[in-house]
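These are the residues of each chain, in order.
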Amino acid sequence: MDSALYNRDILRLATSLVADHRLAAPDGSAEVRSPLCGSRIQADIVTDADGKLQGLALRANACALGQASAAILMHNAVGTAMTEVAKLRDGMAQALQREGDMPSCWPELALLAAATDYPSRHAAILLPYDAILAAAAQAKEKA
C-alpha cells in the first residue's frame, strides 16, 4: 500500500461513512459502478426547489479513495446546488489529470490530489459525484 496515497487522513475519512445509510423518502436514487475497478456507489438525494441538496445518503463498496471521496461529499455537500456538484466533479477530474488545480471549496479535497499519479484510482474518486448526479437525473425524470 502506498503511504502517500493511503495515508491516515484518507483512511480516517474512508471509515467515517455510515454503512447502509439511506434516506426515507429520497427525490432520487442511483447506483453507479466503475467498470475499471468495480467500485460501486449508491446515492439517495433530496433537493429543494432551487436544486440544492437538502439530504444525502451514500453507500460505498469501493476502495479507500472512493470511500474517502464519498465521505468528503457527505460532510460538505448538503446545501450545495447540483450545478455546483457537477462543476466540482469536472474540476476534480481536470485536477486529477493535471489540467488544473484541485477545487479548494472543501479543504479535504486536497487529500485526493495524491492520486494524480494513479489514473486507475480516478474513477473511484469521481464515482460518488457521478452517483449524486445520476440520482439528480432520476429525480428530474420522476418530477
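This text follows the structure it describes.
Residues numbered from 1 in each chain as written. Predicted model: local features only at pLDDT ≥ 70, side-chain atom pairs only at ≥ 80, totals over all residues. Heavy atoms only, no water.

Colleague: Give me the nonpolar core: which residues, what numbers.
Modeller: Counting residues in each nonpolar core, the largest one holds 43 residues, and the members touching the most others are Met92, Leu109, Leu112 and Ile132. Taken together, the elements giving at least two residues each to this core come down to helix 1 (8–14), strand 1 (28–33), strand 2 (40–47), strand 3 (53–61), helix 2 (64–76), helix 3 (82–96) and helix 4 (119–142). Residue contributions to this core peak at 8 residues, all from helix 4. With residues up to four places along the chain from it excluded, the contact list for methionine 92 reads Ser69, Met102, Pro103, Leu109, Leu112, Ile125, Leu126 and Tyr129. (Core = buried A, V, L, I, M, F, W, Y, C linked by side-chain atoms within 4.5 Å. Buried < 20%, exposed > 50% of the residue type's maximum accessible area, 1.4 Å probe, protein only. Helix = DSSP H or I, 4+ residues; strand = E, 2+ residues; numbered from the N terminus. Contact = heavy atoms within 4.5 Å.)

Colleague: Give me the lowdown on the sheet that holds strand 1, citing residues and values where you can.
Modeller: On the basis of which strands lie adjacent, the open sheet formed by 3 strands has the order 1-2-3 and antiparallel pairing. Each edge of the open sheet carries a strand with a single partner, namely strand 1 and strand 3. Taking each pair of neighbouring strands and ignoring which way they run, the sheet shows an average axis angle of 15 degrees. (Pairing = 2+ DSSP bridges. Axes fitted to C-alpha atoms, helices over the stretch in contact; angles between N-to-C directions.)

Colleague: Please provide a residue-by-residue account of the environment of alanine 131, values included.
Modeller: Mapping alanine 131 onto the fold places it in helix 4. C-alpha of alanine 131 to C-alpha of isoleucine 41: the two residues are 90 residues apart in sequence and 6.3 Å apart in space. Residues within four places of alanine 131 in sequence aside, it is in contact with Ala30, Val32, Ile41 and Ala43.

Colleague: Which residues make up the pattern of salt bridges, and what values do they have?
Modeller: Tallied over the full model, the rule gives 8 salt bridges. Among the ionic pairs, arginine 98 bridges to aspartate 117, the shortest N-O distance being 2.2 Å. Taken as a pair, arginine 98 in the loop between helix 3 and helix 4 and aspartate 117 in the loop between helix 3 and helix 4 lie far apart in primary sequence, 19 residues in all. Take arginine 98: its relative accessible area is 56%, and that puts it in the exposed class. Look at aspartate 117 and you get exposed, because its relative accessible area is 53%. Ionic contacts of the salt-bridge type, sharing partners, join the residues Arg22, Asp44 and Arg59 into one network. (Salt bridge = Lys/Arg side-chain N within 4 Å of Asp/Glu carboxyl O.)

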